[in-house]
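Commentary on secondary and tertiary structure
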Amino acid sequence: KNLGKSASLWAEAPADPRTIKILREWRRKKAQGIPAYRIFSNRTMEALAIEKPSTREGLLEIHGIGPTKLEEFGDELLLLLKSIDTDTSAAASA
């Protein structure tokens, strides 16, 4: 099975623990009574934290994100990832 572009990065770049924590908290809020993995799997969360896509097309390259998930969560995820990246950059330059 083709695992996509993100599979090659798994061994190279560990996910930022802070980013993972923020993404998991977001996923938990979205789940509202259903298992959180039904929103996105842990594998998808890790790939998002590693790749930090900045476009809808970039999100589609992440394992576990297809057109339906993109429509439902894409714009919100992009804003969240951008805010995490901005917070991290600000903290690094302080």
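Note: the structure precedes this text.
Per chain, residue numbering runs from 1 following the sequence as it is written. Where local features are concerned, this predicted model is filtered to residues with pLDDT of at least 70; where side-chain atom pairs are given and counted, the filter is 80 or more; whole-chain, interface and lining totals use all residues. Only hydrogens and water are set aside when side-chain values are computed; all heavy atoms of the structure are taken into account.

**Considering the overall build of the protein**
Rule in force here: Counting from the N terminus, the helices are the DSSP runs of H or I reaching at least four residues and the strands are the DSSP runs of E reaching at least two. The classification of residues rests on relative accessible area computed with a 1.4 Å probe and restricted to protein chains. Under 20% of the type maximum is buried, over 50% is exposed, and intermediate values are partly exposed. Every residue pair with non-hydrogen atoms within 4.5 Å of one another is taken to be in contact. Accessibility throughout is a Shrake-Rupley quantity obtained with a 1.4 Å probe, and a residue counts as covered only by protein chains that appear here.
Helices and strands together make up the secondary structure of the protein, namely four helices and zero strands. The secondary structure elements of the protein, listed N-terminal to C-terminal, are α-α-α-α. Sorting the 94 residues of the protein into buried and exposed places 32% on the buried side. Sequence-distant contacts in the protein: of pairs separated by 6 or more residues, those separated by 24 or more amount to 57%. Accessible surface, the protein: about 5,900 Å² in total, of which carbon and sulfur atoms supply 54%.

**Thoughts on the pattern of salt bridges**
Convention followed: Here a salt bridge means any side-chain nitrogen of Lys or Arg lying within 4 Å of a carboxyl oxygen belonging to Asp or Glu.
Summed over all chains, the structure comprises four salt bridges. In this structure, the salt-bridge partner of Glu-25 is Arg-28, at a minimum N-O distance of 2.5 Å. Residue Glu-25 and its partner Arg-28 are both found in helix H1 (residues 17–31); the two are separated by three residues, about one turn of the helix. We note a salt bridge from Asp-75 to Arg-56, for which the minimum N-O separation is 2.9 Å. Of the two residues, Asp-75 is situated in helix H4 (residues 67–93) and Arg-56 in helix H3 (residues 56–60); the sequence distance between them amounts to 19 residues. With relative accessibility at 48%, the residue Asp-75 sits in the partly exposed group. Residues joined in a network through salt bridges with shared partners are Arg-56, Glu-71 and Asp-75.

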